[in-house]
Amino acid sequence: MCGIVGYIGENDANSILINGLRKLEYRGYDSCGLATISNGELQISKTLNRIESLTAAIQNNGVSHIGIGHTRWATHGGVCERNAHPHTDSYKKFIVVHNGIIENYLSLKKMLKEKGYTFYSDTDTEVVPNLIDLYYNGNLLETVKKVTSIIEGSFAFGILCKDRPNELIATKRNSPLIVGIGNNENFIASDFSAILKYTNKICILENDDIAILNEKEVKVYDKNLDPKQVTIKEIDADDSDSEKNGYDHFMLKEINENTITVKKTIDYYVIDGKINFDLNLTDNDIKNIKQIKIIACGTAMHAGLNGKNIIEKLTRIPVSVEVASEFRYSDPILTENDLAIFISQSGETADTIACLELVKKKGIKHVSIVNVKDSTIDRLSENVLYTKAGTEIAVASTKAYIAQVMLIDLFAIYLADKLESYNKEELSKILNYAIELPNKMQEVLEMDSMFCDYAKSISNCRDVFFLGRGLDYYIALEGSLKLKEISYIHSEGTQFGELKHGPIALMEEGTPAIVMATQEKLLDKTISNIKEIKARGARVLAVTTLKEFPVDIVDEVIHLPKVCELFSPLEAIIPLQLIAYHVTVNKGLDVDKPRNLAKSVTVE
Ligand code: F6R
């Protein structure tokens, strides 16, 4: 989704903003732009192309010491240059970049038009610089407060005034924004990766804070304009995480980090054969849990489905998996003995945050599984477990999914241990199987040439089916999402048994069907289902961990090493991630930045 970077300081803003925008690319965008002030002149450049073409556009810009940049993911108004940010008021005095949505912009636009303001874009954002101009009384801080008090919705703003080249303003409500503190230079950013090259000292703005930055200092005010202490945090992250390290694409690099991700997660949480979670949940709280709700979006929700399978198996506590965008408006039935689990890589997904707020309001105990430390979900949650995936850059989530699955698996074992709901010896065997997983996963990664060959055979297909029963269905769902989101091939993840109740109508001669078979007790049923689709001409690839799988009933087989069935998603997803990757490369598409998608979905 949209990204913001802003700079004020002794160095040249142009190159720092371009670098920051490059680091924000991974969030997904359809246009970008930046504004600088140089010798009293305002310079604005925008493009519908990639950041590289902005670099060319600003080549003749003079040196500047202040500027704001933006990557836009269209919400209000189509993808065109005039809708790209930054936006100015009609008189080109105030300049704004914006993440979020201004819900009452139509009435504000009408009012501004009546007062003689002219609009050049279809965006909601353009009302903001015009409102600033309307209410400007010589004090920018007061004016920004006035403007943010009348706008409704979510926002993070970077604001410049052409006549005040020594001041950069930032404010936010329900959309992340941080201030970065350097030496003789300060920054703003929607995401710390944009400024990590220059500083790891950040101050996280809270809702309705207004920050004023100059080259030497940062001042932060609350919504009553009372000064606040600037609390500085040092980010423990490495800029090299955002390099490809010799891989052609971030997605390929990140898939190859699946193994180390699982290892890191286990090493971090399993000490001397015991799972250590630092949670504000007493043994009694755990004993009283009557039902668990796992709430998330997209791939994180698929990790949640895997969580349902293992938690129910090991604890017999009923688990439901809820899509956050539905759950928040569903008037959910929650009782005091429920446990809510939120899963989010970014920790910034708007719908998941809204559900977390709802659950908190009802006083329900909750645990969040988050990859990005200091993200909104991290800060709002009473209990947080961190996935150890490191920074994930490719829009399609791979290693973060693996980390979420591993962590929720550990959480299930942890609950079962506390509840004594599962044979103790069996439980410690299961934990030992988890420890063996990275080696097995590595073997799968080394089978890549097989996945690459298979990918060639489906690269020009119109539809691909991903099929499975039980846990295999959850793997199929995630495999299908991976393929469609980056290769734009239509795919369906379907419960194998459900196929004949409708979707089988789409099976034609040669339709590719990828069948997951990792669950021994469902093998016979899976075989019958394979026969049904073979009879309709499907070209079947089976991905299986089962030695007894009858290879002659399908067209192709990928045999994976046997692992404990509860953990099969951790290795069986790897071929599907790599198949999606190779198909996309074969089609010449942008693997890391698929169209229309964003890494961090900060609007609902
Ligand atoms: C797909 C993908 C998305 C995210 C979803 C939730 O590859 O990455 O489906 O999983 O947008 O994002 P987070 O985990 O950041 O809440």
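Computed from a prediction, not measured in an experiment: that's the story for all the values here.

Procedures and definitions
Residues numbered from 1 in each chain as written. Predicted model: local features only at pLDDT ≥ 70, side-chain atom pairs only at ≥ 80, totals over all residues. Heavy atoms only, no water. Helix = DSSP H or I, 4+ residues; strand = E, 2+ residues; numbered from the N terminus. Buried < 20%, exposed > 50% of the residue type's maximum accessible area, 1.4 Å probe, protein only. Core = buried A, V, L, I, M, F, W, Y, C linked by side-chain atoms within 4.5 Å. Domains from an automatic or database assignment. Contact = heavy atoms within 4.5 Å. Near = heavy atom within 4 Å. Polar contact = N/O pair within 3.5 Å; in protein donor to acceptor, adjacent residues only side chain to side chain. Nonpolar A, V, L, I, M, F, W, Y, C, P; charged D, E, K, R; others polar. Pairing = 2+ DSSP bridges. 1 Å grid on protein atoms, 1.4 Å probe; cavity = no way out; pocket = protein on both sides within 12 Å on 5 of 7 lines; lining within 4 Å. Points joined across faces, edges and corners; volume = space filled by probe spheres on them. Expected span 1.5 Å × (residues − 1). Buried area = accessible area lost by both parts, 1.4 Å probe. Salt bridge = Lys/Arg side-chain N within 4 Å of Asp/Glu carboxyl O.

Chemist: Just give me the short version of the environment of glutamine 229, but keep the residues and values in it.
Modeler: Note that glutamine 229 resides in the loop between strand S14 (227-228) and strand S15 (233-234). Under the relative-accessibility criterion, glutamine 229 is labelled exposed at 70%. When the C-alpha positions of glutamine 229 and cysteine 203 are compared, they lie 10.0 Å apart, and in sequence the two are 26 residues distant.

Chemist: I'd love a proper account of the nonpolar core, names of residues and values included.
Modeler: By size, the foremost hydrophobic cluster in this structure holds 110 residues, and its most contacted members are Phe277, Ile292, Ile341, Phe411 and Phe567. Among the elements that make up this core, the one with the highest residue count is helix H13 (residues 399-419) (13 residues). Structurally, this core is a two-domain feature, drawing no fewer than three residues from each of domain 2 (247-444) and domain 3 (447-594). Excluding anything up to four places from it in sequence, phenylalanine 277 contacts Tyr269, Leu385, Leu407, Leu410, Phe411 and Tyr414. One finds Phe94, Leu131, Leu141 and Leu225 within the second-largest nonpolar core, a separate group that totals 26 residues.

Chemist: An account of the site of the ligand is needed here, citing residue identities and associated values.
Modeler: Inspection of the region around the ligand gives 14 residues, with Ser344, Gln345, Ser346, Thr349 and Glu485 positioned closest. Between the ligand and serine 344, the relevant distance is 2.6 Å, taken from an oxygen atom to a side-chain nitrogen or oxygen of the residue. Serine 397 is positioned with one of its backbone polar atoms (N or O) 2.9 Å from an oxygen atom of the ligand. Contributing elements (two or more residues each) for the shell around the ligand: helix H9 (298-315) and helix H16 (471-487). With three residues, H9 is the largest single contributor of residues to the shell around the ligand. Per-class residue counts for the shell around the ligand are five nonpolar, seven polar and two charged.

Chemist: Go over the pairing of strand S13 (residues 218-221) with me, naming the residues and quoting the values.
Modeler: Successive side chains on a regular strand alternate, one facing one side of the sheet and the next facing the other. Relative to S13, strand S12 (residues 210-213) runs antiparallel, the two being bridged by four bridges. The residue bridging alanine 211 from the neighbouring strand is valine 220, located in S13. The turn linking S12 back onto S13 is made up of four residues. Here S13 runs beside S14; their pairing, made up of two bridges, is antiparallel. Pairing of valine 220 across the sheet is with lysine 228, part of S14. Adjacent in sequence and paired antiparallel, S13 and S14 are bridged by five residues, among which leucine 225 carries a positive phi angle near 70°.

Chemist: Describe empty space enclosed by the protein, with residues and values.
Modeler: Evaluated as defined, the whole model comprises three cavities of 30 Å³ or more. Taken together, Cys2, Arg72, Trp73, Thr75, His76, His85, His98, Gly100, Thr123, Asp124 and Thr125 make up the full set of residues lining the largest cavity. In terms of residue class, the lining of the largest cavity is built from two nonpolar, seven polar and two charged.

Chemist: Tell me about helix H18 (residues 568-586), and name the residues and values.
Modeler: When the terminal C-alpha atoms of H18 are compared, their 28 Å separation across 19 residues agrees well with the 27 Å that a helix rising 1.5 Å per residue should span. Most of H18 sits inside the fold, with 17 of its 19 residues counted as buried. Once H18 finishes, glycine 588 follows within two positions and takes phi at roughly 70°, a positive value.

Chemist: Hey, could you go over the domain arrangement of the chain for me, with residue numbers and the actual values?
Modeler: Taken domain by domain, the chain holds domain 1 (3-241), domain 2 (247-444) and domain 3 (447-594). Between the C-alpha centres of domain 1 and domain 2 the distance comes to 34 Å. Across the domain 1/domain 2 interface, buried area totals approximately 940 Å², and carbon plus sulfur atoms make up 52% of it. In this structure, the connection of domain 1 to domain 2 is made through one salt bridge. Here aspartate 374 ties to lysine 233 by a salt bridge, and the two come within 2.7 Å at their closest N and O atoms. At the surface where domain 1 touches domain 2, the tally comes to one residue pair in polar contact (both at pLDDT 80 or more). Its residues assigned to classes, the side of domain 1 that touches domain 2 comprises five nonpolar, two polar and three charged.

Chemist: How would you summarise unusual backbone geometry if you had to cite specific residues and measurements?
Modeler: Most peptide bonds take the trans configuration, and most residues that are not glycine carry a negative phi. Cis rather than trans, the peptide bond between histidine 85 and proline 86 has omega equal to 0°. Relative to the helices and strands, proline 86 resides in the loop between strand S4 (66-72) and strand S5 (87-88). Of note, the phi angle at asparagine 184 is positive, near 55°, even though the residue is not glycine. For aspartate 374, which is not glycine, the phi torsion reads 70° and is therefore positive. Checked against the element boundaries, aspartate 374 lands in the loop between strand S21 (365-370) and helix H12 (376-380). Note on aspartate 374: relative accessible area 14%, which makes it buried.

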